[in-house]
Structure formats: C-alpha cells, structure tokens
Amino acid sequence: MRCSAMALLLSCLGLPCAVVADDHAASMSVRDLPERTLPADWSRSQNDAVTIRGKRVPYEVTIGTQPVYGEDGKAQAALFYTYYRRSDLKNAEAVARRPLVVSFNGGPGSGSLWMHLGYTSPKQLVIDEEGYPVQPYGVRDNPESILDVADIVFVNPVNTGFSRILDPEVERSEFFGVQADIDYLADWISVFVSRVERWRSPKYLIGESYGTTRVAGLAAALQNRHWMYLNGVVLVSPTGLGMEAEGPAPRSPVLKLPYYTAAAHYHGKLDPALQELDLLAALEQAEQFTLDEYLPALSRGGFLDPERRQEIARKAAYYAGVSADFMLSHNLAVPSSAYWKELLREEGYTIGRLDSRYLGVDGKNAGERYDYPAELTSWNHAFAPAINHYLRDELGFESDLQYNLFGPVSPWEGRDTNVAEQLRRAMAQNPYLHVLVQSGYYDGATDYFTAKYVMWNLDRSGRFRDRLSFKGYLSGHMMYLRAEDLISSNQHLREFIQQSTPAEGEAARYDRDR
C-alpha cells in the first residue's frame, strides 16, 4: 500500500499517522540518491543579438563546462564558462583576425559574474545610474559591450561560480595557490582555444582585482609552456602583483594618500581651497606632495625632525580630509581601515572599501574598523539574483548547484609570488604584448595611485613605456557600474584592442632604428 493511501486510512480511523516508505524508495541504495554534481564536459548554445553603439551585433552564447586535467590525463575538476561569439563573420579569415578575450575576476575565490554582467558582455545586470541595486532584479542588453570588436569567454576557476572539484582524492593545493592557479588555468585556456579553433586569433586576458595577479602570471605561463603569445593584458583595479619594488612596497599605507584625497573630495571633507578644485586637479597636487615630501619624510621614520613631523602631519591631513592629530596618532601613515571609519565618523557613517562613494552604518561610532563593507553588500544584493536568473532561466543551465559568488579556496598558497616580474619577462619576449591598467579613483582596496606605481615600476628600464597605459575613472573598484564609466571604460578597452592588434603582416620584432 502506498504511503499516502495508508496515511488516509489511518486518519479516517482516528489513529496517528506513521511515515511509511514505498517499496521503490525502500529499495534505493545510497548510490541511487540524487546528487548536486557538475557535468565534466557539457555545453549548450543559443543565438541572440544586441545593439552596440547603434549597430546590431548577432551572436551565439554558449554555457558549458570543460575539464581540468591532471598529469594522468583524467579530469580532476570542471570549470563553468560562458562564451560569446559574434555570429555574422563571413569566413574563416575573418574569424582568424577577430580578437578573443579571456576574462577572470578575482578573490581569489570570486566567480566571473562581476565583469560578465557588469562590464564587457552583451548582457548587463539591472542597476541604477550609479550602480546601486534596484528591483525587480534581472538583466538587460549592454549597448557598450566590446562584442562588436572581440569575442569573450568568462571563466570561473575551481570552486567559484558553478565550477567544482570532481575527484575527491585530489589535493586542494593542485588548485588553490598563486602558481597552481596559473598553471591549471593556462592548460585550460590552451584546451579551450583549441576546441573553439581560435589559435590564429589575437588573444587578450582581462583580470579584475586578484584576477590581475592571475592574468599577469598567465601571460608568462601561456607563452612559456603552451607557446601561446598574447596581444594584450588588461589589469582592472590591480593588486600589487607581488612586485618587489625599489621603493615602498605596493599596498603600503604611504601610497594611499592620493586615494584619501579622492574619497574626501567626493564627500566634501577637504579644505575649501582644495575642495573647490576639479578632482583631477586636486589629485595632481596630492600625488606631487606624496612623491616629493610625504614619502621622503616617512623614510626617516622616528628620526624625522619634530617640527617637520608636525608640518607633514598638517599637510597630509589637508590632503586626506582628517585632522593632523589623527595623522600623528598613526605615525603619519594611516591604515585604510582606520580611514574608512574616520572620515565621516562625526556624521555617523563609514565609507566603502572597494568603492568609497558607498555609505555604511555601524552599531557604534567608536572603533578603528567598520562593521561591514557597504559597497560589497550592495553589489551582492544586485548580482546574485541577476546571475542566477540569467544562467538558469535565460540560458537554460539546470542544476541544484549553488552559484558561488565567493567560493571556498582556502588555504591559498604563495600570495607573495612576484607575477609582476613574470609579466615583465613576457613583455620582453613578446613585442606584440601591451598592458592596459584601469582604476577607479574611489577604490580604497586596490587604489589608483598604487596601480600607477605598479605600472611605473613594472619595467624600470623604461623601454616598455609605449606599451603600458593607464586610465582612471570617477568611481570605484568596479568602475563600470557607474553608467558614464561603463561607456568610457569599454571604449578604452575597444581602443586598446584595436591599437594592439597589428596590421596584417606587421612583424613582432625590436627595431634599433626606432
């Protein structure tokens, strides 16, 4: 007798209902139970079109998984990807000339959703003009996408997005570390390029935040171990890249001062003489002070003359929008965590870490750190429903797996690996390779001035200056969430791709006469 029938009979007799399993369920073994697993090698495609800069661009979008192979040639994990391919190219030669962009986010445990639905793809999440969440959640066409000039694949590393480890016996160290991450992803990219028949295409990597560490190392790994030479690497809100600089270490508090000027300028907390200036004019002054006076003074440490110490405190406070006493209490080098709490303390707000335009409200005004990152909670609010709706409902991925905005990737090994040097060597060996740095002025985590500093010191010989470029934006870590910067940042990408794709027949060589 079925369970439901038995329950009805017992109920009619006024007897307590017992749970009775049917014969089929009772006969099921543990192996027969459904599991939340990821197929190792699977894909699904459909066609769509988007209007970019006034022109219709038809495309094919493919969602899928591709294995990560171990040394024994067996699948250890599977990476979930989304691949956009313009579909109106007329012949194989046109495809060969068309650039391919491989996109990664950071974390290092972050999924690829941020730049996928925020930046370069033909779909964009629904947000307001400044990047704040609105309801109903969802996606819309992105009229600024770079799909008009390049095809794009968004890749989720192991344990991010829907990507998962498949072999329960594999060591986590195979994936979770700076060099391990670079090594398996280089192999994955090589296989992907072969599968989609794009070996002849100009190729680009774009990474955001920790993704910049990833793509800097990948440029060298692809070139040295897979014989795949790139045309460009885009560093969006870059880390310090493990750089061993001759001057201050990247991410040192002493390099944060120009960012403090930007944040204070946005919130109207600077001295009137500085506040009335255009932001870029104010930043120019702050940068000059940082390089010419602030860094030399801090180099003297506790042996700085007391009068000079007071003078530097006053000037640094002027550019940071805080008191001289606050600067002195931190020995002139204010940690960013303290600054995010201090700037608007009297008004009862904190400012965001990744984008200091965002405001947070703590349980108490006292303390040295905020309770939560105001910008990240806002972004999660908008991105999580958008990516799940898009991949599941519009593109047809059917799975009970959770999409990991931030996945379990700890412990992460080798955080100080010098990928800056790996990128420099890749540039030295490949005259085609160009680098673009993009930063938001209000990013307090991977601040714009440190990004400049890293670019300046990537090649201290100065020989690669014409292949290194910087673009700044009036927003934060994800500058593209602000509508005006979505337009300009994508246009900068478009120009970078076009300028670094050589003319047909142009040789990759150094010329002594130039």
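Above this text sits the structure in question.
Sequence order as written defines residue numbering, which begins from 1 separately in each chain. Confidence filtering applies because this is a predicted model: local features only for residues at pLDDT of at least 70, side-chain atom pairs given and counted only at 80 or more, and all residues used for totals across whole chains, interfaces and linings. Note that the side-chain values use all heavy atoms of the structure and ignore hydrogens as well as water.

### Digging into the pattern of salt bridges
A side-chain nitrogen of Lys or Arg and a carboxyl oxygen of Asp or Glu constitute a salt bridge if their distance falls within 4 Å. Counting across every chain of the model gives 28 salt bridges. The partner of arginine 494 in a salt bridge is aspartate 148, and the shortest N-O contact between them spans 3.0 Å. Pair noted here: arginine 494 is in helix 16 (residues 483-500) and aspartate 148 is in the loop between strand 6 (139-141) and strand 7 (151-155), with a separation of 346 residues, a long-range link. For every residue, the accessible area obtained with a 1.4 Å probe (protein chains only) is divided by the maximum for its type, and the residue is called buried under 20%, exposed over 50%, and partly exposed between those limits. Given a relative accessible area of 3%, arginine 494 falls into the buried group. Under the relative-accessibility criterion, aspartate 148 is labelled buried at 18%. Here lysine 256 and aspartate 447 are joined by a salt bridge, their closest N and O atoms 3.4 Å apart. By the criteria applied, helices consist of DSSP H or I runs no shorter than four residues and strands consist of E runs no shorter than two, each listed in order from the N terminus.

### Section: empty space enclosed by the protein
Here a cavity is any set of points on a 1 Å grid over the protein atoms alone where a 1.4 Å probe fits but cannot get out, and a pocket is any open set with protein on both sides within 12 Å along at least 5 of 7 lines; a residue lines the site when it has an atom within 4 Å of a point. Grid points are joined across faces, edges and corners, and a volume is the space filled by probe spheres set on the points. Going through the model one piece at a time under the given rule, you end up with 3 cavities of 30 Å³ or more. Reported here for the largest cavity is a volume of approximately 60 Å³. The wall of the largest cavity is formed by Val101, Thr120, Ile146, Tyr204, Leu205, Ile206, Val234, Leu493, Phe496 and Ile497. Those elements that provide at least two residues to the lining of the largest cavity are strand 9 (203-208) and helix 16. Charged means Asp, Glu, Lys or Arg here, nonpolar means Ala, Val, Leu, Ile, Met, Phe, Trp, Tyr, Cys or Pro, and polar covers whatever is left, Gly included. Here the residues of the lining of the largest cavity sort into 9 nonpolar, 1 polar and no charged. When its volume is computed, the second largest cavity comes out at roughly 50 Å³. Residue assignment for the lining of the second largest cavity shows that the elements contributing at least two residues are strand 13 (434-440) and helix 15 (448-458).

### Concerning a negative patch on the surface
Taken together, the side chains of Glu71, Asp72, Glu171 and Glu174 define an acidic patch exposed on the protein surface. Mapped onto the secondary structure, aspartate 72 falls in the loop between strand 2 (55-69) and strand 3 (75-86). Each patch groups residues whose relative accessible area exceeds 30% and which form no salt bridge, using 9 Å between like charges and 5 Å between nonpolar side chains of Val, Leu, Ile, Met, Phe, Trp and Tyr. Computed with a 1.4 Å probe, the accessible areas rest on the Shrake-Rupley method; for each residue, only the protein chains presented here act as cover. We treat Lys and Arg as the positive residues and Asp and Glu as the negative residues; His and chain ends play no part in the count. Lysine's charge is taken at NZ, arginine's at CZ, aspartate's at CG and glutamate's at CD.

### Quick notes on the packing of helix 6 (residues 210-225) against helix 14 (residues 419-429)
At a closest axis distance of 8 Å, the pairing of helix 6 and helix 14 adopts a crossing angle of 45 degrees. The angle between helix 6 and helix 14 places the two elements in the oblique class. Remark: the crossing between helix 6 and helix 14 carries left-handed chirality. Here helix 6 contributes Thr213, Ala216, Gly217, Ala219, Ala220, Gln223 and Asn224 to the contact with helix 14, which in turn contributes Val419, Gln422, Leu423, Arg425, Ala426 and Gln429. Its residues assigned to classes, the contact of helix 6 with helix 14 comprises 6 nonpolar, 6 polar and 1 charged. Axis angles are defined between N-to-C directions and span 0 to 180 degrees, where every axis is a line fitted to C-alpha atoms and, for a helix, only to the segment in contact. Here the angle decides the label: under 35 degrees means roughly parallel, over 145 means roughly antiparallel, 65 to 115 means roughly perpendicular, and every other value means oblique. Crossing handedness: left-handed means the near helix sits turned counterclockwise from the far one by under a right angle, and right-handed means the same turn made clockwise. The contact criterion used is simple: two residues touch if any of their non-hydrogen atoms lie within 4.5 Å.

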